[in-house]
Each structure stands twice: as C-alpha cells, then as structure tokens.
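Residue-level structural notes
Take a look at the letters that make up each chain.
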Amino acid sequence: MTTAYELRCRECGRAYGNQPLSICEDCFSPLEVEFDLERARGRFTREAITAGPLNMWRYKALLPVAEDYVPTTPAGMTPLLSAPRLGARIGAKNLYIKNDAVCLPTLSFKDRVVAVALANAQAFGFDTVGCSSTGNLANAVAAGAARLGLKTYILVPADLEPAKILNTQVYGATLVRIDGNYDHCNRLCSQIAEKYNWGFVNVNLRPYYAEGSKSVGFEIAEQLGWRLPDNVVVPMAGGSLITKIKKAFRELVALGLVADKPVKFFGAQATGCSPISTAVKAGADGIEPQRPNTIARSLAIGNPADGPYAIKAIRESGGWAEDVSDVEIVSAIQELAETEGVFTETAGGVTTAVTARLYAHGRIKPGELTVSCITGNGLKTTDVLNGAYEQAVPVKPKMTEFAAWLDERTGELVEVA
Amino acid sequence: MSVKVVLPNAFQKHTNNVKEIETTAGTLPDLVTDLEGRFPALRQHLRGEDGQVRKFINFYVNEEDIRFLGNEKYQFQDGDEVLVIPSIAGGCC
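Residues numbered from 1 in each chain as written. Chains lettered and ligands numbered in written order. Predicted model: local features only at pLDDT ≥ 70, side-chain atom pairs only at ≥ 80, totals over all residues.

In this section: the overall build of chain B. If you tally the helices and strands in chain B, you get three helices and five strands. Tracing chain B from N to C terminus, the helices and strands come up as β-α-β-α-α-β-β-β. Taking 93 residues into account, the globule formula puts the C-alpha radius of gyration at 12 Å, and chain B, at 13 Å, falls close to it. On the principal axes, the C-alpha backbone points of chain B span a range of 35 × 35 × 25 Å. By the burial criterion, 34% of the 93 residues in chain B qualify as buried. Put simply, of all contacts in chain B between residues at least 6 apart along the chain, 51% involve residues at least 24 apart. (Helix = DSSP H or I, 4+ residues; strand = E, 2+ residues; numbered from the N terminus. Rg over C-alpha atoms; globule rule 2.2 N^0.38 Å. Buried ≥ 20, exposed ≤ 12 C-beta atoms within 10 Å, placed from the backbone. Contact = placed C-beta atoms within 7 Å.)

Structural data, given as structure tokens:
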C-alpha cells in the first residue's frame, strides 16, 4: 500500500486506491477502507491519542482522512456511563451505556460517520452532498454540510417523524420526501448517484463514511481504561456499526493498545424489521429482505447492506441477535430514562430491551463487562410517548392547595408550617 | 412481450457501455442467461465460483425487490421495468 489507507473489495480483495466508489467492478461487492497498520503504528499510540482533541479526531490516524486534515466538525467522545440502576432491574452487575444520545452536533452517532464522509466529499471536490436517511443521518448531513458550506439533497421516507424532518430543514438542506420506505429511498439514491456528480455519504462515499463508526469502538476501549469489554450490544439497521466496532477492537489489538481477549457481539433489532436477527436465529448466512413495520424507524431497513457481514461478526464472536416488539421498545425507553437519566430514541429502546432479554435468557452473564450502545436521542421521537403520561389538573399557587395535592398523591398527611 | 432492463454503471465496463436492454425473458434466471448471452464478458463477474448469481446483486421490478414478488418464480409482465443494482448501499448502524 502506497498510502496510509485505500479501498479494497471486501470479497475479492481488489485494491482501488482512494476515490468516491463503493462497488467492486469485478464482483460487484462492497468496498471497504483498509489501513496500513504498520504505517499507523508510530502515530496511533495511547500517548498520541491522549494528547489529541477531546473528540473522535483524537483517533485521526485510523480514520480515512489526509494526515494534514484539519477537522472542523468535532463529534464523538460521548460518555461511557456505568449503569447500576438499570443493571439492578435487569440482573446486570457490570453494565455500561455508551451514550451517543448526546453526540454533537445533532444528537446521534451519525455525527461521527458524517464528519468522516464530508471530509472526503471535500477532498474529492464535491460541492453537493446527499444521503438517503431514516432521520438521524439526515440531521447530521444537513448540519455538517451547513458548517462546510456544501449544498445538500436529502431523501427520506415521507412518514418520517416530524422532529427529524424539522431538524433537517432548519439547516437549510433540501429535503426530498419520498413516497416509500427507506429501502425505496436507498435504491433511488443509488440511481441518482450514478447520474449526478454528487457525494452521497452512504452511496459513493460509503466506505469512508462507515469507517467513522470505528470511533465508537476506540472510545469504549479508551474509556474502559484501555481494555476491551466482554460483550457489546449494538442496534442494527444496515448492520455496519457492529462490524466497525469489531474492526476498531481488532485494530487496537493489532497495534498493541489493548490486550487481546474474546469479545461477544450482540445485535439488536425491532421485530417489525428484523432481517438480521431472523437470519442469526435461523443459522442462515444470507438476508431475506423484509417490509419494515415498526416504530423504530431509524432501524427500519428491510434490506440491510451489511447484513451478511453483521451475521458473520456476531456468529464468529459467539454472540447472538434478538428482536423486540414496539411495546417493549417504549417500555425500555422509559426504563433507561427512569434508571439512568438517559433519554434515548426508539433505536435505543430496542438496544435496551434486547440487552435486558439477553441477561434474562442467560446469553450474557451478570458479572460480565457489557456495553450497551445507545445511538440516538429521545427528543427526536417523542411521538412514541404520546399519551404515556397523564396531563395532571393544575394546582393553584397556594401552599394549602399544594399540600392537599401532595396528600392526595402520596396518601400521607403533610403538615403545613 | 418486452421487458426493459436498466443496467448499473458498474456493469457497463463489461457491456460495451450498454446501459439498457429490452428482453423477452420470462423469469429472472432467463434474464440472467440473456444478459450472459449478449455480454459474455459479464458472465464471470455476474456469477461467483459456485455458479450462482453473486449475493450482492439486487433485482427490482417496477421498483419492488423481486424477492417480494416470488424471486425466480416471478413471471415478467409486458412493460415491466427491471432495475439491477449491485451492492445496495445505505444504512449505517
């Protein structure tokens, strides 16, 4: 390899240098960024990382951008929270939450991948960028592109949550509502990218974009004091994140930043869109596409591009995949908020409910160090909680009225001073 | 009967830049055979070592994934438009 990284076909291994391309010309399989780890060895050290900025760019040496790239889109370095209260509820004694509900600037882990994709869009000279999105990616691309002065076209399913639509439009992006589901948007984007010279972050820039997800894995290891967990629970839509966290761990081991150890990878889906968990449970290698029908719209991808790789990552690690109902998703959103003060969107409800089930079924043992990845913020999907809480009758602003209200509520006599 | 088939950019290197064909193929296997007959250079790229069409190549009929329509059993109708999309992109987490 003559450069620090380059595109390679994931199936046949053909090298393509660096260009806005995501499909192998020989076998039509997806391309992926491969790093020359030996070249990174001197630069990607614990010391260099610790001295870097307090965001994902501290791992720049293993993110696909030029060595002299100056980041203007900080994202990442989100909290890794110990979760004893949630743990007590679900039978976990060593549980952590990786909280990308507070990833900046748009409150989802997509800010990480977009930061890398847009750096490459600029490097390749695109003045217009776009994406197909279930919402979070739309927000992240719109914000990132605004900051860099790029024109933006974003395709979303017409039934997307209002908050996610507003959170895209506010940045001045051109939003195209498609009369179809995400898979329809996605297919159309593949065609648009062939006709127009635009940088589509999840089409022709996809290999670079996906690499940004590794920063989740790097952060987990660093925040655990440079060690790997026993288990990771990851939400799956296209199936990329789980494979990239695994890749990040592998690179950390290869460069000697953490000790090698087996890590089990667990995938989480909504039952209403569960092509990957269905395949894992059935022992299948391939994906049977599904028509999504779930409130977890950010995970509603019926034909997941990285499905076969996610299945492989899970199976090889000795992990498992589970899927949960919409009712369980809402309960889990509430449970995570009530126990740990983390308000996540529906995808995080999926991950939390699946995590609980994995403990309940004994697939994860109570004492094992487990990280549950929360990837988005609850403020974007408040519609699923409509009607969940009673609108109380207002109390008059008098102490006697308040005391009476408290008395009624608690059933205890409260003395008024 | 005539069915329009739109080929992706990735195929065109192996199809002398032909982007679109009309076919009388009745089913997906017939269509693949037709494509290989017209563009012999495409064959080795279209099929893996096991002789099967590579798993990352997707076929859509009138914007619907052919796997929802019966896949290999689906009988093309006059006027159908078939899209071939290799390695569907998108998605992330």
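Helix and strand content of chain A: 15 helices and 13 strands. Projecting the C-alpha coordinates of chain A onto the three principal axes gives extents of approximately 80 × 45 × 45 Å. The buried share among the 417 residues of chain A stands at 56%. When contacts within chain A are restricted to residue pairs at least 6 apart in sequence, those whose partners lie at least 24 apart make up 68%.

Our focus in this paragraph is the sheet that holds strand β5 (residues 95-99) of chain A. Residue and element names in this part refer to chain A. Strand order in the open sheet made by the six strands is β4-β5-β13-β10-β11-β12, with mixed pairing throughout. The two strands at the open ends of the sheet, each matched to only one other strand, are β4 (80-82) and β12 (320-324). Each adjacent strand pair in this sheet contributes to an overall mean axis angle of 25°, direction not counted. Lying over the sheet, helix α11 (residues 275-282) contacts β11 (264-270) and β12, oriented at roughly 130° with respect to β12. (Pairing = 2+ DSSP bridges. Axes fitted to C-alpha atoms, helices over the stretch in contact; angles between N-to-C directions.)

Attention now moves to the sheet that holds strand β3 (residues 31-35) of chain A. Residues and elements named next belong to chain A. Pairing is antiparallel across the open sheet formed by three strands, whose spatial order is β2-β1-β3. Since the sheet does not close on itself, it has two edges, and those belong to β2 (15-17) and β3, each with one partner. Strand-to-strand, the axes of this sheet are offset by a mean angle of 40°, without reference to chain direction. Bridge count for strand β1 (residues 5-9) against β3 is five bridges, and the pairing is antiparallel. Bridged to Cys 9 within β3 is Leu 31.

Of the residues lining the interface, 39 residues belong to chain A; the matching set on chain B comes to 22 residues. Of all the secondary structure elements, the ones that give two or more residues to the side of chain A that touches chain B are α4 (110-123), α7 (182-195), α8 (206-211) and α10 (240-254) of chain A. Ranked by the residues each element gives to the side of chain A that touches chain B, the list is headed by α7(A), at six residues. Tallied by class, residues from the side of chain A that touches chain B come to 19 nonpolar, 13 polar and seven charged. (Nonpolar A, V, L, I, M, F, W, Y, C, P; charged D, E, K, R; others polar.)

All names here are of chain A. With their axes 9 Å apart at the nearest point, α4 and helix α5 (residues 136-148) run at an angle of 45° to one another. Judged on the interaxial angle alone, α5 and α4 are oblique. Once α4 is placed against α5, the crossing between them reads as right-handed. Contacts from Lys 110, Asp 111, Val 114, Ala 115, Leu 118 and Gln 122 of α4 reach α5 at Asn 136, Leu 137, Ala 140, Val 141, Gly 144, Ala 145 and Leu 148. Taken together, the residues of the contact of α4 with α5 sort by class into eight nonpolar, three polar and two charged. (Parallel < 35°, antiparallel > 145°, perpendicular 65-115°, else oblique. Left-handed = near helix turned anticlockwise from the far one by under 90°.)

As annotated by UniProt and renumbered to match this structure, "domain: Tryptophan synthase beta chain-like PALP" (unreviewed entry) occupies residues 74-376 of chain A. Between the C-alpha atoms that bound residues 74-376 of chain A there is a distance of 17 Å. The span itself is 45% helix and 16% strand. (UniProt positions renumbered as here; feature names shortened; annotations may be inferred.)

Residues and elements named next belong to chain A. With 147 residues, the main nonpolar core has Ala 117, Val 141, Val 234, Leu 299 and Val 350 as its most contacted residues. Ranked by residues supplied to this core, first place goes to α4 with eight residues. Once residues within four sequence positions are removed from consideration, Leu 299 is found in contact with Pro 235, Met 236, Ala 237, Gln 269, Ala 270, Cys 273, Ala 347 and Val 350. (Core = buried A, V, L, I, M, F, W, Y, C linked by C-beta atoms within 7 Å.)

Residues and elements named next belong to chain A. As for its placement among the helices and strands, Cys 373 is situated in strand β13 (residues 370-374). In sequence terms Cys 373 and Ile 242 are 131 residues apart; their C-alpha atoms lie 9.8 Å from each other. Here Cys 373 is in contact with Lys 98, Val 216, Val 232, Val 233, Val 234, Pro 235 and Thr 351, once residues within four sequence places are set aside.

Turning our eyes to something else, we now look at α5(A). It helps to recall that an α-helix has 3.6 residues per turn; residues three or four apart then point in one direction. Residue and element names in this part refer to chain A. The end-to-end C-alpha distance of α5, which contains 13 residues, comes to 18 Å, matching closely the 18 Å that a straight helix rising 1.5 Å per residue would cover. Along α5, ten of the 13 residues are buried, which leaves the element largely enclosed by surrounding structure. Taken together, the buried residues of α5 touch α4, β6 (128-132), β7 (151-157) and α6 (162-169). Gly 149, located one to two residues past α5, shows a positive phi value of around 70°. (Expected span 1.5 Å × (residues − 1).)

Turning to the packing of helix α13 (residues 326-340) of chain A against helix α14 (residues 346-360) of chain A, a few remarks are in order. Residue and element names in this part refer to chain A. Running from N to C, α13 and α14 point in directions that differ by 90°, and their axes come no closer than 7 Å. Judged by the inter-axis angle, α13 sits roughly perpendicular to α14. Residues Glu 328, Ile 329, Val 330, Ala 332, Ile 333, Glu 335 and Leu 336 of α13 form the contact with α14, whose own contacting residues are Thr 346, Gly 348, Gly 349, Val 350, Thr 352, Ala 353 and Ala 356. Partitioned by chemical class, the residues of the contact of α13 with α14 number eight nonpolar, four polar and two charged.

Next up on the list: α4(A). All names here are of chain A. Taking 1.5 Å of rise per residue, 14 residues should cover 20 Å, and α4 covers 20 Å from first to last C-alpha, within 8% of that figure. Within α4, twelve of the 14 residues are buried, which leaves the element mostly enclosed by the surrounding structure. By the burial criterion, the buried members of α4 are Lys 110, Asp 111, Arg 112, Val 113, Val 114, Ala 115, Val 116, Ala 117, Leu 118, Ala 119, Asn 120 and Ala 121. Next to the buried residues of α4 lie β6, α5, β9 (199-200), α8 and α9 (214-223). In the stretch just after α4, Gly 125 is the one whose phi turns positive, near 85°.

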